[in-house]
Amino acid sequence: NAGVMQNPRHLVRRRGQEARLRCSPVKGHSHVYWYRQLPEEGLKFMVYLQKENIIDESGMPKERFSAEFPKEGPSILRIQQVVRGDSAAYFCASSRQGDQPQHFGDGTRLSIL
Amino acid sequence: AQTVTQSQPEMSVQEAETVTLSCTYDTSENNYYLFWYKQPPSRQMILVIRQEAYKQQNATENRFSVNFQKAAKSFSLKISDSQLGDTAMYFCAFMTSPTGTYKYIFGTGTRLKVLA
């Protein structure tokens, strides 16, 4: 079975552009989580989604960031008008049930020029 | 607020020896889960071991075991017979769900180097 698939692995954007990060969860998993990891730091929770619903977005900046998990297709983390401080690794994780271990993707490394 | 503290930024161990990584956490919840994840240089996040707070028995997975002390809010990871492939960042994580959300709270990590 395929694990969590994230693409792209690396994404380079200029300041002011938009970044779209995609995450396909493990087949059969309906819970998706996004985390951000700054260099030399641990992962920080951003948002938790179930199909078509945002359950908890308490870790996501109110402006410029949005996330969705549509009925069909991958989950998308969207960052508008990127700034240098958005440079980080963004990890997606999924689980079958909320209290099951989360399986992580390999992350997307976002670099802002 | 829940917090997770890993007080050892870096550690090293000789191949084949045993090393223990420390983790403490703070919570007022009674039911929760604790995890250790490994992040090698490839930067994947790999689940090493999981502990449910309601279980008194310490979890083990092959060479990896934990010392879970609920009263002290301590969750250390012991790696026996260390191998070069164990070189990685190790993150302790906490998860509870008082309001229906299952987010992980991670510590800042311990960088482990296994020396040949």
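*Asks:* Got a minute to help me understand the overall build of chain A in this structure?
*Replies:* Along chain A, the regular secondary structure elements total zero helices and 11 strands. Going from N to C terminus, chain A has its helices and strands arranged as β-β-β-β-β-β-β-β-β-β-β. Over its C-alpha atoms chain A spans a radius of gyration of 13 Å, differing by no more than 12% from the 13 Å that the globule rule assigns to 113 residues. Judged by the C-alpha coordinates and their principal axes, chain A covers about 35 × 25 × 25 Å. Taken over 113 residues, chain A has a buried fraction of 45%. A sequence separation of at least 24 residues applies to 52% of the contacts in chain A between residues at least 6 apart. Carbon and sulfur atoms make up 44% of the accessible area of chain A, which amounts to about 5700 Å² in all. Of the charged side chains in chain A, 17 are positive and 12 negative; the average position of the first set lies 6 Å away from that of the second.

*Asks:* Is there a simple way to think about the side chain of Gln6 of chain A in this case?
*Replies:* Residue and element names in this part refer to chain A. Within the secondary structure, Gln6 is located in strand 1 (residues 5–7). Among the polar contacts made by the side chain of Gln6, one reaches the main-chain carbonyl oxygen of Tyr90 at a distance of 3.0 Å. Separated by 2.9 Å, the side chain of Gln6 and the backbone nitrogen of Cys92 make a polar contact. Every residue in contact with Gln6, bar those within four places of it in the chain, is listed here: Arg22, Cys23, Trp34, Tyr90, Phe91, Cys92, Gly105, Asp106, Gly107 and Thr108.

*Asks:* Before we go on, may I ask you to explain the interface of chain A and chain B in this structure?
*Replies:* A common measure of how large an interface is: the accessible area buried when the components associate. Residue-level contacts link 23 residues of chain A with 21 residues of chain B. For the pair chain A and chain B, the number of links is one salt bridge. Put simply, the parts of the chain that give the side of chain A that touches chain B at least two residues each are strand 4 (31–37), strand 5 (43–50), strand 6 (53–56) and strand 9 (88–95) of chain A. By residue class, the composition of the side of chain A that touches chain B is 10 nonpolar, six polar and seven charged.

*Asks:* Would you take a moment to explain the pairing of strand 7 (residues 65–68) of chain A for this structure?
*Replies:* For a regular strand, side-chain orientation follows a simple rule: the groups alternate between the two sheet faces. Residues and elements named next belong to chain A. Only one face of strand 7 is covered, namely the face carrying Phe65 and Ala67; the face carrying Ser66 and Glu68 is uncovered. Here strand 7 pairs with strand 8 (residues 75–79) via four bridges, running antiparallel. Within strand 8, the position partnered with Ala67 by the bridge is Leu77. Between strand 7 and strand 8, which pair antiparallel and follow one another directly, the connecting turn spans six residues, one of which, Gly73, has a positive phi of 100 degrees.

*Asks:* Please clarify how the sheet that holds strand 1 of chain A should be interpreted in this entry.
*Replies:* Note: strands within a sheet are paired through backbone hydrogen bonds, in either parallel or antiparallel orientation. All names here are of chain A. What the four strands build is an open sheet, ordered 1-3-8-7; its pairing is antiparallel. The sheet is open, and its two borders are formed by strand 1 and strand 7, each paired with just one other strand. Taken over all neighbouring pairs, the strand axes of this sheet differ in orientation by 15 degrees on average, direction set aside.

*Asks:* What should I look at first to understand the state of the cysteines in this one?
*Replies:* The bond known as a disulfide is covalent and runs between the sulfur atoms of two cysteines. Enumeration over the complete set of coordinates arrives at two disulfides over all chains. In this model, Cys23 of chain A is linked to Cys92 of chain A through a disulfide, with the two sulfur atoms separated by 1.8 Å. Residues Cys23 of chain A and Cys92 of chain A share a disulfide whose torsion about the S-S bond is about -55 degrees; that sign makes it left-handed. Taken together, the residues Cys23 of chain A in strand 3 (residues 19–24) and Cys92 of chain A in strand 9 connect sequence positions 69 residues apart. On the basis of relative accessible area, Cys23 of chain A is assigned to the buried category, the value being 0%. Using a relative accessible area of 0% as the deciding quantity, one classes Cys92 of chain A as buried. One disulfide bridge connects Cys23 of chain B with Cys92 of chain B, the sulfur atoms lying 2.0 Å from each other. Taking the torsion about the S-S bond as the criterion, the Cys23 of chain B to Cys92 of chain B disulfide, at about -70 degrees, is left-handed. Of this pair, Cys23 of chain B sits in the loop between strand 3 (19–21) and strand 4 (24–26) while Cys92 of chain B sits in strand 10 (residues 88–95); the two residues are 69 residues apart in sequence, bridging distant segments of the chain. By relative accessible area, which is 0% here, Cys92 of chain B ends up buried.

The rules behind these values
- Residues numbered from 1 in each chain as written.
- Chains lettered and ligands numbered in written order.
- Predicted model: local features only at pLDDT ≥ 70, side-chain atom pairs only at ≥ 80, totals over all residues.
- Heavy atoms only, no water.
- Helix = DSSP H or I, 4+ residues; strand = E, 2+ residues; numbered from the N terminus.
- Rg over C-alpha atoms; globule rule 2.2 N^0.38 Å.
- Buried < 20%, exposed > 50% of the residue type's maximum accessible area, 1.4 Å probe, protein only.
- Contact = heavy atoms within 4.5 Å.
- Areas by Shrake-Rupley, 256 points an atom, 1.4 Å probe, with all protein chains shown as cover.
- Lys, Arg positive; Asp, Glu negative; His and termini not counted.
- Charge placed at Lys NZ, Arg CZ, Asp CG, Glu CD.
- Polar contact = N/O pair within 3.5 Å; in protein donor to acceptor, adjacent residues only side chain to side chain.
- Salt bridge = Lys/Arg side-chain N within 4 Å of Asp/Glu carboxyl O.
- Nonpolar A, V, L, I, M, F, W, Y, C, P; charged D, E, K, R; others polar.
- Pairing = 2+ DSSP bridges.
- Axes fitted to C-alpha atoms, helices over the stretch in contact; angles between N-to-C directions.
- Disulfide = S-S within 2.5 Å.

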